[in-house]
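Residues per chain are reported as follows:
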Amino acid sequence: MLLLLGLCLGLPLCAGSPEEARPRGDTSEQVALREPRQVRLLQRLKTKPLMTEFWVKSTIISRYAFTTVSCRMLNRASEDQEIEFQMQIPAAAFVTNFTMLIGSKVYQGEIIERDKKGGDKVKEKRNKTSEDDGEKGTETFRASVVIPGKDKAAFILSYEELLQRRLGKYEHVISVRPQQLVGRLTVEVNILERSGITALEVLQLQHSRQKGSVRGEDDSGPPPSTVINQNDTFAKILFKPTVVQQAKIAQNGILGDFIVRYDVNREQSIGDIQVLNGYFVHYFAPEDLPPLPKNVVFVLDSSASMVGTKLRQTKDALFTILHDLRPQDHFNIIGFSNRIKVWQDHLVSVTPDNVRDGKVYIHHMSPSGGTDINGALQRAIRLLNDYVARNDVGDRSVSLIIFLTDGKPTVGETHTLKILNNTREAARGHICIFTIGIGNDVDIRLLEKLSLENCGLTRHVLEDDDAGSQLIGFYDEIRTPLLSDIRVDYPPAAVERVTGTLFPNYFNGSEIVVAGQLARRAERLRVEVTASNGAEPVVLRADVRLRAPGAGAGGAPNPVQRLWSYLSTRQLLGAWRRSRDEREREQLGRRAQALAVAARFLTPLTAMRLRTPAPRAGPEPVMQSLRGAGPQPGPALKKPYNPRIKVSKTSVDGDPHFVVDFPLRNLTVCFNIDGRPGDIVRLISDHADSGVTVNGELIGAPAPPGGHKKQRTYFRTITILANKPERSYLEITPRRVILDGGDRLVLPCNQSAEAGSRGLQVSVSANANVTVTIQGTVAFVVLIHLYKRPAAYQRDHLGFYIANSEGLSGSCHGLLGQFLNQDATLTQEPSGLGEGPVHVLQVRGHRVPVVWKQRSIYNGEEQVRCWLARNSAAELIDGRYQDYLATHPFDTATAFGPGPSGGSDAAA
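Keep in mind that this is a model prediction, so the values were computed, not measured.

Criteria and thresholds
Residues numbered from 1 in each chain as written. Predicted model: local features only at pLDDT ≥ 70, side-chain atom pairs only at ≥ 80, totals over all residues. Heavy atoms only, no water. Buried < 20%, exposed > 50% of the residue type's maximum accessible area, 1.4 Å probe, protein only. Helix = DSSP H or I, 4+ residues; strand = E, 2+ residues; numbered from the N terminus. Pairing = 2+ DSSP bridges. Contact = heavy atoms within 4.5 Å. Polar contact = N/O pair within 3.5 Å; in protein donor to acceptor, adjacent residues only side chain to side chain. Disulfide = S-S within 2.5 Å. Axes fitted to C-alpha atoms, helices over the stretch in contact; angles between N-to-C directions. Parallel < 35°, antiparallel > 145°, perpendicular 65-115°, else oblique. Nonpolar A, V, L, I, M, F, W, Y, C, P; charged D, E, K, R; others polar. Core = buried A, V, L, I, M, F, W, Y, C linked by side-chain atoms within 4.5 Å.

> What exactly am I supposed to notice about the pairing of strand β11 (residues 184-192) here?
Counted residue by residue, β11 has eight buried out of nine residues, so it is predominantly covered. Relative to β11, strand β2 (residues 50-61) runs parallel, the two sharing nine bridges. Counterpart to Val 56 in the pairing with β11 is Val 187. Relative to strand β14 (residues 234-239), β11 runs antiparallel, the two being bridged by six bridges. If you follow Val 187 over to β14, its bridge partner there is Phe 239.

This is the structure:
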């Protein structure tokens, strides 16, 4: 279970605060007008909201976990401050309650039916691959509120989930990230298991979010100050570090995952059944069975985007996995890009020679071309079907595809629905597909649906994580199939409203769970389990004694009834997502929605509404939960964005001053452009490839007295056109953001909010910055610079920073774009004038004399030292300044590269 508490604290802590009223010219001209930096820092520290308490309590009853997190804050400043509460919860969990206390006012959340028009206050959207929040297997819940000066606030959030058993243990994870030292920090975990608790362990605080079954992981010892009390059926774990102990762990506050692992006693091969108030749950996890033979095809993306570390780590992992195959297994290997490259024309047995040859084949894979996901899957399924038919082993083995990619379908069939249909029709329920997606550019929704519809699982590995270790850990979970085609039966007259009873496979160390209601009171229940285990069918029959799991500790409701509601809701949502029939899908959606409302589960079909005190006073809280529904049609107001930005130095800000970073050479280059008021300048020009264009319009102001310039210019408007997959227009000024993606939406810049349309996401942090993300692979940050009492030469203006340029092509141009993904070198050459050597920068075929300079960049973080190219960069950029002027804000024409030379796009 993963949980994150993060706080984005209001404007005094964020970049671009209007309180700074910073002039934007050369620092030498402005020093007398600024407060000393140390004074400003002390003022910010004094007014930073104080977290007085961070408290987490989890109560686990019969594997079902009730978790509540409480965070209390004090606004020490005299002025109002905005605080954002954000928490990562497991993707499999359901939020059940959220409450905010602002001063003496209580805002209570309630679960309601989701408005089909998307008009509810609380919106939902999948959010697994963003920064800090986007972590594997988690989703983010956010709420923001303005706290009056000298007042207090508290956030209380509850959620529930059934713990999954993997590799023989349940794992409960609480992410403790208060971002500051806390006066009272408590994490309490209570476990009640009537079957008996075994193998209980509390691990060291883990700083990596990628845990699980990774071999060689150091799991020794609980964190300091942890107290464990345990008997046969109950355990209490308390982690309560003092401020001094927190500082020893991390000076600026704990940043880690508190992890508890355990298992339970298992006496009966047919499983354990527990009953409470008319509901039952059946846990089935047999052991000591011979492994089933595996027929497995490893399908590895070898497209150009896998170049480097990703492919190397994946190859190393597959070397390990091939050695782990059993002699009775059969395997094959497919590498795919725009071509499908199959190692053998049939599955081969596991012999030392075949394993060696397979490793050689993998070793020689080289990245190139596009991504034909459909073709690779069809070929893998055909190999498995042919092998099973030819050898007649369908009921005596398990057929698996392990599919790894880092991208989206770009070659062959690229339509998601057709890929899903083709795969389902070819696999026919006989082949389970396990998918692994690497990085931010992967189509994780497609991979999830492929696994969901074909009895598999999905893992998402983030860009900086060890893909090889994750692949090995994922394989460990499915390496030992013990049963296939499992069916669990109870007497029809004895039970009703039973959750799913058919399961394609059972892997060693996992668990099958069935829940339902008893039609009558009884002391025993007849259970029959049938399955296949190799040549002989497995039939287990028993009259199982019914026993209660124990009362709901800590006031928790009936845990067995909650578990039944949880399983029923998840299975209905899964069937709703898989359904292709409109009438059936509508019926499934209505049933899932009704059950979720009754159980108070926040799902893609429900929403959360805050009940506000009457009369309503003060700023209204803004809240959002992010969960797995598809995007709503048209732009929809959503969460505030965390303004603590960390972006590349590559930017343009101020007068305007351009900064270009060449990280491979550890070089930073600066240049200025002397534009004219009213000029519209092309900053990013990639319309022909990625479909992204960024233009900036200049505004003028008089130069400061005594300066060498006649006037200053600043950016007053940034316009962004995203042309793929559909066209969206964005216009940003210091006062408002206009998003036009079919529906027109206007967001004021003095309020925090987020909106999205057609693959373009916009996050506004009030009076601080606007972050724009396009298709998850391109991200820009626009800083808002405001002045309380501007001098004559100052204007409210914008700065433009590139946070992620992955999705921009190698043909990208523009004043900034031409330097992306380029290399640069710096050399010393004699001046020829007897004045010592001259530094010369070489980039893109240009040779430019440069001088060493210190310059501010306005991301609220740092000043940079850079090599300055003088003379308005006349020798550094392609062409002349006039070649970069656009005719209107959404003009996509360019004088450079393969794009159109005279065409343009106008806003609709």
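> What am I meant to see in the environment of Ser 158 here?
With respect to the helices and strands, Ser 158 occurs in strand β8 (residues 152-162). Of the residues examined, Ser 158 reaches a relative accessible area of 14% and is grouped as buried. Considering only alpha carbons, one finds Ser 158 and Thr 99, 59 residues apart in sequence, at a separation of 9.1 Å. Beyond its immediate chain neighbours, meaning those up to four positions away, Ser 158 contacts Thr 67, Thr 68, Val 95, Thr 96 and Asn 97.

> Looking at this structure, how should I read the sheet that holds strand β28 (residues 512-518)?
In a beta sheet, neighbouring strands pair by backbone hydrogen bonds and run either parallel or antiparallel. Pairing within the open sheet is antiparallel, and its four strands lie in the order β16-β17-β28-β26. With one partner strand each, in any of the chains shown, β16 (272-276) and β26 (495-496) form the two edges of the open sheet. In this structure, strand β17 (residues 279-284) lies alongside β28, joined through six bridges in antiparallel fashion. Paired with His 282 across the bridge in β28 is Val 514.

> How should the side chain of Thr 569 be read in this particular structure?
Examined against the element boundaries, Thr 569 turns out to sit in helix α10 (residues 559-578). A distance of 2.7 Å separates the side chain of Thr 569 from the backbone oxygen of Ser 565, its partner in a polar contact. Apart from the residues lying within four places of it in its own chain, the contact partners of Thr 569 are Phe 94, Leu 595, Ala 596, Phe 601 and Thr 603.

> I'm lost on the state of the cysteines in this one. Help?
In a disulfide, the sulfur atoms of two cysteines are held together by a covalent bond. One pass over the structure, following the stated rule, counts two disulfides. Each bonded cysteine of the chain is numbered by sequence order, and under that numbering the disulfide pairs are 1-2, 3-4.

> Help me understand the packing of helix α6 (residues 373-391) against helix α7 (residues 416-427) in this model?
Between two packed helices, the angle of one axis relative to the other and the distance separating the axes together describe the packing. Running from N to C, α6 and α7 cross one another at 5 degrees; their axes reach a closest spacing of 10 Å. Here α7 runs roughly parallel to α6, going by the angle between their axes. The segment α6 lies against α7, with Ile 373, Asn 374, Leu 377, Gln 378, Ile 381 and Asn 385 engaging Ile 419, Asn 422, Thr 423, Ala 426 and Ala 427. In terms of residue class, the contact of α6 with α7 is made up of six nonpolar, five polar and no charged.

> When you look at helix α8 (residues 444-452) in this model, what are you seeing that I'm missing?
Note that an α-helix has 3.6 residues per turn; residues three or four places apart therefore point the same way. Of the residues making up α8, those classed as buried are Ile 444, Leu 446, Leu 447, Glu 448, Leu 450 and Ser 451. Taken together, the buried residues of α8 touch α6, β22 (398-405), α7, β23 (431-438) and β24 (458-461).

> What is the right way to read the sheet that holds strand β9 (residues 165-166) from this model?
Overall, antiparallel pairing links the four strands, which are arranged β9-β10-β15-β12 in an open sheet. Taken across any chain shown, the strands that pair with only one partner, and hence form the sheet edges, are β9 and β12 (197-202).

> Even after reading the chapter, I still don't get the nonpolar core, so can you show me in this structure?
Generally speaking, nonpolar side chains in soluble globular proteins are found buried as a group. Ranked by internal contacts, the top residues of the largest apolar core, which has 59 residues, are Phe 671, Phe 800 and Leu 876. If we skip the residues at most four places from it in the chain, Phe 800 touches Thr 650, Ser 651, Val 652, Leu 683, Ile 684, Val 694, Ile 718, Phe 780, Val 781, Val 782 and Leu 816. By size, the runner-up hydrophobic cluster in this structure holds 51 residues, among which are Ala 93, Ile 102, Ile 197 and Phe 258.

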